[in-house]
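Here's the letter readout for the chains.
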Amino acid sequence: MASVPAAGGQSHGATLADQAYQEITDRLVTLQIRPGEPVHDGRLATDLGLGRTPVREALKRLETERLVVAFPRRGTFATEVQIADLGHISEVRQELEPLAAARAAKRATVADRERLRELLTRVEEESQAAPEPGDVALLRLDMAVHRAVYALTYNPYLEATLVTYDNLATRIWCLFIDRLAGLEQHVHEHGQLLRAVIDGDEAKASAVAAEHVENFERAIRSII
């Protein structure tokens, strides 16, 4: 079985296209590349120190994940963030996030659970720091927690689907990150989720994951 991947890290078997995908995804999700902004493969290749071929392969993959869109004779652009999509995204996540959490609680190995304890320590430290609106470190920690749980489902199809939808949800979060309140509760939910998975409590992990998705959508809707 695979182990929990390091947040933002690359596996030993990662290709250059995988590296390009991870780097470009991060820029798109965190809105370093703004919605509607042109995405130039040559410029990205230079910035990332990679050739155009892996960048183009990454962009093709990102188009299937609705993070970029390509137009004939116009080029490639970051997709617009449509708030109307929030309900659709949440509907999918409401079904799959609890499933993934339960599977992770059931299938995680002893070594996996130890790595989750290390991640839990980071979450607890963030909680003590009293996160403020606009805290990008919290955003990256949120992504790391979700991806760790997805990986422990040991179901590559479920994992890939949830990463795609979490990326789309995170882009919406980034639009409003300076205005979102209640981040302490968000961090608290991360801790609850990790503890449930570490303890192998499938029902608790599922319930916490469902509540987390509901609270996310409620927080966004409260300010739009």
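1. Remarks on the overall build of the protein
Phase 1 of the analysis: Regarding its fold elements, the protein presents nine helices and two strands.
Phase 2 of the analysis: The 224 residues of the protein split such that 46% are buried.
Phase 3 of the analysis: Long-range contacts, defined here as pairs at least 24 residues apart, represent 76% of the contacts in the protein between residues at least 6 apart.

2. Quick look at the layout of surface pockets
Phase 1 of the analysis: Empty space within the second largest pocket amounts to approximately 360 Å³.
Phase 2 of the analysis: At the level of elements, β1 (68–71), α4 (86–107) and α7 (156–176) are the ones that each hand at least two residues to the lining of the second largest pocket.
Phase 3 of the analysis: Element by element, the count of residues in the lining of the second largest pocket is highest for α7, at five residues.
Phase 4 of the analysis: When grouped by side-chain class, the residues that make up the lining of the second largest pocket number seven nonpolar, five polar and five charged.

3. A closer look at the nonpolar core
Phase 1 of the analysis: Within the largest apolar cluster, 59 residues are counted, with the highest numbers of intra-cluster contacts made by Ile24, Leu28, Leu62 and Leu193.
Phase 2 of the analysis: In terms of residue count, helix α6 (residues 136–151) provides more of this core than any other element does, eight residues in total.
Phase 3 of the analysis: Residue contacts for isoleucine 24: discarding those within four places in its chain leaves Leu44, Leu48, Val55, Ala58, Leu59 and Leu62.
Phase 4 of the analysis: Within the second largest apolar cluster, five residues are counted, among which are Ala100, Leu158, Leu162 and Val163.

4. Regarding the packing of helix α2 (residues 41–48) against helix α3 (residues 52–64)
Phase 1 of the analysis: Closest axis-to-axis distance for the α2/α3 pair is 9 Å, and the angle between their directions is 115 degrees. Here α2 runs over α3; the crossing is right-handed. Where α2 abuts α3, its residues Asp41, Gly42, Leu44 and Ala45 lie against Arg52, Val55, Arg56 and Leu59.
Phase 2 of the analysis: Considered class by class, the residues forming the contact of α2 with α3 number four nonpolar, one polar and three charged.

5. A closer look at the pairing of β1
Phase 1 of the analysis: Here β1 runs beside strand β2 (residues 75–78); their pairing, made up of four bridges, is antiparallel. The residue of β2 that forms the bridge with alanine 70 is threonine 76.

6. Brief notes about the confidence of the model for the protein
Phase 1 of the analysis: Of all residues in the protein, 89% attain a pLDDT of 70 or more, and the chain-wide mean is 88.
Phase 2 of the analysis: Averaged pLDDT values over the elements of the protein bottom out at 88 in helix α8 (residues 183–199) and peak at 97 in α4.
Phase 3 of the analysis: Long-range and interchain partners of residues 1–12, a stretch whose pLDDT sits below 50, account for 19 contacts in this model, where long-range means more than four residues apart.

7. Remarks on the environment of alanine 219
Phase 1 of the analysis: Along the polypeptide, alanine 219 turns up in helix α9 (residues 202–221).
Phase 2 of the analysis: Judged by relative accessible area, alanine 219 falls into the partly exposed class, the value being 27%.
Phase 3 of the analysis: C-alpha of alanine 219 to C-alpha of tryptophan 173: the two residues are 46 residues apart in sequence and 9.4 Å apart in space.

8. So, empty space enclosed by the protein
Phase 1 of the analysis: Evaluated as defined, the whole model comprises two cavities of 30 Å³ or more.
Phase 2 of the analysis: Of the pockets and cavities examined, the largest cavity occupies roughly 50 Å³.
Phase 3 of the analysis: Lining the largest cavity are Arg93, Asp142, His146, Asp166, Ala169, Thr170, Trp173, His186, His212 and Phe216.
Phase 4 of the analysis: Of all elements in the fold, only α6, α7 and α9 reach the threshold of two or more residues within the lining of the largest cavity.
Phase 5 of the analysis: If one sorts the elements of the lining of the largest cavity by residue count, α7 sits on top with four residues.

9. Describing unusual backbone geometry
Phase 1 of the analysis: Of note in this structure, leucine 31 is not a glycine but carries a positive phi near 65 degrees.
Phase 2 of the analysis: Relative to the elements of secondary structure, leucine 31 occurs in the loop between α1 (16–29) and α2.
Phase 3 of the analysis: We note that tyrosine 154 has phi near 50 degrees; this positive angle belongs to a residue other than glycine.
Phase 4 of the analysis: Locating tyrosine 154 in the fold gives a position in the loop between α6 and α7.
Phase 5 of the analysis: Residue class for tyrosine 154 comes out partly exposed when judged on its relative accessible area of 24%.

10. Structural notes on the pattern of salt bridges
Phase 1 of the analysis: Per the stated rule, a full pass over the model turns up eleven salt bridges.
Phase 2 of the analysis: With a shortest N-O distance of 2.5 Å, arginine 140 and aspartate 26 are connected by a salt bridge. One end of the pair, arginine 140, is in helix α6; the other, aspartate 26, is in helix α1, and 114 residues separate them in sequence.
Phase 3 of the analysis: Between aspartate 166 and arginine 147 there is a salt bridge, with the nearest N and O atoms lying 2.7 Å from each other.

Cut-offs used in this document
- Each chain carries its own residue numbering, running from 1 in the written order of its sequence.
- The model is predicted, so local features are restricted to residues of pLDDT at least 70 and side-chain atom pairs to those at 80 or more, both for listing and for counting; the totals for chains, interfaces and linings are taken over all residues.
- Hydrogens and waters are ignored; side-chain quantities use all the structure's heavy atoms.
- Secondary structure counts use DSSP, requiring at least four H or I residues in a row for a helix and at least two E residues in a row for a strand, with both numbered from the N terminus.
- Type-normalised accessible area, obtained with a 1.4 Å probe on protein chains alone, sets the label of each residue: buried when under 20%, exposed when over 50%, and partly exposed for intermediate values.
- Any two residues whose heavy atoms approach within 4.5 Å at even a single point are treated as in contact.
- In this analysis the probe radius is 1.4 Å and the grid spacing 1 Å, with only protein atoms considered; a cavity is a set of points the probe fits into but cannot get out of, a pocket is an open set with protein on both sides within 12 Å along at least five of seven lines, and lining residues have an atom within 4 Å of a point.
- Grid points are joined across faces, edges and corners, and a volume is the space filled by probe spheres set on the points.
- Classification used: nonpolar for Ala, Val, Leu, Ile, Met, Phe, Trp, Tyr, Cys and Pro, charged for Asp, Glu, Lys and Arg, polar for all others including Gly.
- The definition of a nonpolar core used throughout is a set of buried Ala, Val, Leu, Ile, Met, Phe, Trp, Tyr and Cys residues joined through side-chain atoms within 4.5 Å.
- Every axis corresponds to a line fitted to the C-alpha atoms, with the helix fit spanning only the stretch in contact, and the corresponding angles, defined between N-to-C directions, vary from 0 to 180 degrees.
- Whether a crossing is left-handed or right-handed is set by the direction in which the near helix is turned from the far one by less than a right angle, anticlockwise for left-handed and clockwise for right-handed.
- Two strands are said to pair when DSSP picks up at least two bridges between them.
- The predictor reports its confidence for every residue as pLDDT, a score running from 0 up to 100.
- Basic side-chain nitrogens of Lys or Arg form a salt bridge, by our definition, when they fall within 4 Å of a carboxyl oxygen of Asp or Glu.

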